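# Examination of the molecular architecture
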Amino acid sequence: MTDLLKDMMNERADALGAPDLDVRAMVRDGDRRANRRLRTAIAGAAVAAAVAAAVVVPSIATRDTASDELVTGSLGGPLAYAANSTIHTEQGSVDVGRRILAFVHTPTGFVVADVTGAVRSVVGSEIIKVGQMDPEEGMRFASDGDVVAWVEGDPEGEQYAVLDHAAGTEVVRGRAGTRPVLDRYCDQVCPMRIIAVDGRTLYFDDARGVLARNPLDSEPAELIPAVGGERPVVLDVAGGLIARLAAGETRVGPDLDGGQQIDGSDLSPDGQYLLSESPSTWDRGIQPKVFDAATGDAVPVDIAGAYWEAHAYRWLDGDTFAVLARDQDDDLERFVTCDVGGECSVEFSVPVDVPVLLPAR
Amino acid sequence: MARRDPADFAEFVAARSPALHRAAYLMVGERQLAQDLLQEALTKTYVAWPRLRDPSKAEAYTRRVITTTAISWYRRKSWQGERPTETLPEGTAVGHDDAVTQREWLWTALQELPPRQRAAIVLRFYEDLTEAQTAAAMDCAVGTVKSQVSAGLAKLRTGLGNRYGDQAHELLPANLMVVTP
């Protein structure tokens, strides 16, 4: 297949003529954009100068009245998805007014990032702007329960932002103090990345390993150093355990040395289980797998094999996870909850042509 | 701080734009769209030029912009109700210029994959990036790359199976599904 697929792509690419590019227009447009960014940065710096680093901002939250008018209902239920500008659950939907590109489902409500990079808290019918991501740097959340974190600013002035949704809309911001990761495949200096939130602690990618920081409680940062000179790809942190990819293997342990080898990337909130997926085969799509993180033993999964494809995408609590499942010729996708070692149940279904966006884990 | 040097940038464009153009074309399937995509991605690269002193970093940055922009463009198109109008080539009896027919079919099938799956496959199997490198280019987690590649290949496999029956096993052997970092 490698041959067939690669040959086909190489043939197509090789037959392509040289692109007709306008470098002068790139330089002109680029200078214009850079100047606009510079003006914004200067304005931002003037405000930031009045605020010490890593302090609790008294709340930058502002009422988003334009969006409030668009609210169509209140929400509930354990599972949710977004389609265009609307979040849906089994019990209702809410339109935030702008196309959603990423969101988190917390016990309190939702935190969404729209196409402009605006970050909003959605609780019932109340929508409040709480932050601003840079759409050009990608929009990504990390969360654990009600604690939600994201990165704001451009790579030259990045800061973390973290919110305890249960406590309201107050956002803590600050510099992470990470040593930038250098990787030829992302940038000279990779953008700051929050790998995961475990409890109230944020875990940052760092050139030296992983940096743990709990700004909500003003605890000092702690470096978890890489071992053996090779920086691992950290997949998840939960329950004090770290799942990492190193030398082609996934390992789970309290630090970046040794640990249990398990094929999975998504730890349950208490770190007891690891969620994984079996690769698709000729006659079956991906299927969920669950492992005991302490022993590496597989735990039976009720839904495995029940549908042609079942994508386990998120832990809901310590022993319940969410699955999006469908059969090969089915015109519905099913939102399913599964108990580890127990039964699964279909919560609701949506047509397959709905552009479903799932919540961040 | 390094300055934004148009001459250096123009040199980079001349040297690397053909390769970047090819990858963009595989992701969007249309020559003009690929060219527009590259023009936009290189403009963003020029904005970031002062912190991209090493040309290899600039190329990686441009590739990431191409990938994420291609995905967002297709999302926008699908919301506007625009769908690919091409249909997969009609079946041809096995034995009739098979290789050409299979590649033609595979090209069309690749273009009908969802944009994230298509991008992941192009980066993994045309650009030969690792999963971690692909994740960086797509600005997503490694696990997402795994699932996108797996789902995309499964669709290609299913389509080929429906079309070529048992012969498809030879075209898409199962070991391709073992995706290593």
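Each value, and the rule that gives it
Residues numbered from 1 in each chain as written. Chains lettered and ligands numbered in written order. Predicted model: local features only at pLDDT ≥ 70, side-chain atom pairs only at ≥ 80, totals over all residues. Helix = DSSP H or I, 4+ residues; strand = E, 2+ residues; numbered from the N terminus. Buried ≥ 20, exposed ≤ 12 C-beta atoms within 10 Å, placed from the backbone. Contact = placed C-beta atoms within 7 Å. Axes fitted to C-alpha atoms, helices over the stretch in contact; angles between N-to-C directions. Parallel < 35°, antiparallel > 145°, perpendicular 65-115°, else oblique. Left-handed = near helix turned anticlockwise from the far one by under 90°. Nonpolar A, V, L, I, M, F, W, Y, C, P; charged D, E, K, R; others polar. pLDDT = per-residue confidence, 0-100. Pairing = 2+ DSSP bridges. Expected span 1.5 Å × (residues − 1). Bend = angle between axes of the 7 residues up to and from the residue. Core = buried A, V, L, I, M, F, W, Y, C linked by C-beta atoms within 7 Å.

### Thoughts on the overall build of chain B
When helices and strands are counted, chain B shows eight helices and zero strands. Shown N-terminal to C-terminal, the secondary structure of chain B runs as helices and strands in the order α-α-α-α-α-α-α-α. Counting the 181 residues in chain B, one finds 50% classified as buried. Taking contacts inside chain B between residues at least 6 apart in sequence as the whole, the part at least 24 apart equals 61%.

### Focus on the overall build of chain A
The number of helices and strands found in chain A is three helices and 29 strands. Evaluated residue by residue, chain A yields a buried proportion of 41% over its 361 residues.

### Here's the deal with the packing of helix α1 (residues 6-28) of chain B against helix α2 (residues 31-47) of chain B
Residue and element names in this part refer to chain B. As a packed pair, α1 and α2 sit with axes 9 Å apart at the nearest point and diverge in direction by 135 degrees. In terms of orientation, α1 lies oblique with respect to α2. For the crossing formed where α1 meets α2, the hand is right-handed. For the pair α1 and α2, contact is made by F9, V13, S17, L20, H21, A24, Y25 and V28 and by R31, L33, A34, Q35, L37, L38, L42 and Y46, respectively. Of the residues assigned to the contact of α1 with α2, the class counts are 12 nonpolar, three polar and one charged.

### Observations concerning the confidence of the model for chain B
Residues and elements named next belong to chain B. When pLDDT is averaged along chain B, the result is 76; 73% of the residues meet or exceed 70. A low-confidence stretch, residues 75-94 (pLDDT under 50), is modelled with 16 contacts involving residues beyond four sequence positions or located in other chains. The model gives residues 173-181 a pLDDT under 50, and that stretch makes 23 contacts with residues more than four places away or in other chains. Across the interfaces of the predicted complex, the ipTM metric reaches 0.82, alongside a pTM of 0.57.

### As for the sheet that holds strand β29 (residues 344-351) of chain A
Residue and element names in this part refer to chain A. Here four strands make up an open sheet; going across it, the order is β26-β27-β28-β29 and the pairing antiparallel. Either end of the sheet is taken by a strand with one partner, and the two such strands are β26 (309-317) and β29. With direction set aside, neighbouring strand axes in the sheet form an average angle of 25 degrees. In this sheet, β29 lies alongside strand β28 (residues 332-339) in antiparallel orientation, the contact comprising seven bridges. Counted as the bridge partner of C338 is C344 from β29.

### Some points on α1 of chain B
In this model α1 of chain B runs just 28 Å from its N-terminal to its C-terminal C-alpha over 23 residues, more than 12% under the 33 Å that 1.5 Å per residue would give. Where α1 of chain B bends most, the angle comes to about 55 degrees, and this point is R16 of chain B, followed within four residues by the proline P18 of chain B.

### Quick word on the packing of α1 of chain B against helix α5 (residues 115-125) of chain B
All names here are of chain B. One way to put it is that α1 packs onto α5 with a least axis distance of 9 Å and a crossing angle of 145 degrees. At the point where α1 passes α5, the crossing takes the right-handed sense. Contacts from A23, L26 and M27 of α1 reach α5 at R118, A119 and V122. In terms of residue class, the contact of α1 with α5 is built from five nonpolar, no polar and one charged.

### A look at helix α6 (residues 131-138) of chain B
For α6 of chain B, a buried count of seven out of eight residues is recorded, marking the element as mostly surrounded by other parts of the structure. Residues of α6 of chain B that are buried: E131, Q133, T134, A135, A136, A137 and M138 of chain B.

### A word on the sheet that holds strand β20 (residues 249-253) of chain A
Residues and elements named next belong to chain A. Taken in spatial order, the four strands line up as β18-β19-β20-β21 in an open sheet, and their pairing is antiparallel. This sheet does not close on itself; its edge strands, each paired only once, are β18 (233-238) and β21 (260-261). As paired elements, β18 and strand β19 (residues 241-246) share five bridges and run antiparallel to each other. From the neighbouring strand, V237 faces β19, where its bridge partner is I242.

### Concerning the pairing of strand β17 (residues 219-225) of chain A
Residue and element names in this part refer to chain A. Pairing analysis gives five bridges linking strand β16 (residues 209-214) to β17, with the strands arranged antiparallel. Paired with G209 across the bridge in β17 is P225. The turn joining β16 and β17, which pair antiparallel and follow one another in sequence, is formed by four residues; a positive phi near 55 degrees is taken by S218.

### Considerations on the nonpolar core
As a rule of thumb, soluble globular proteins bury nonpolar side chains together. Core analysis: the biggest nonpolar cluster contains 143 residues, and F103, A149 and V323 of chain A together with A24 and I66 of chain B have the highest contact counts within it. Apart from residues no more than four positions distant in its own chain, A24 of chain B is found in contact with A34, L37, L38, I66 and A70 of chain B.

### So, the environment of R334 of chain A
Residue and element names in this part refer to chain A. Topologically, R334 is positioned in strand β28. Overall, the presence of 21 C-beta atoms within 10 Å leaves R334 in the buried class. Here the alpha-carbon distance between R334 and S345, two residues 11 residues apart in the chain, equals 9.7 Å. With near-sequence residues (within four places) excluded, R334 lies in contact with A325, R326, V346 and S349.

### Re the confidence of the model for chain A
All names here are of chain A. Summing up the model confidence of chain A, the mean pLDDT is 80 and the portion of residues at 70 or higher is 83%. Across chain A, the secondary-structure element scoring lowest on mean pLDDT is strand β1 (residues 55-56), at 28, and the one scoring highest is strand β11 (residues 147-152), at 96. Low pLDDT (under 50) marks residues 37-74, which in the prediction has 44 contacts with non-local residues, meaning those over four places away or in another chain.

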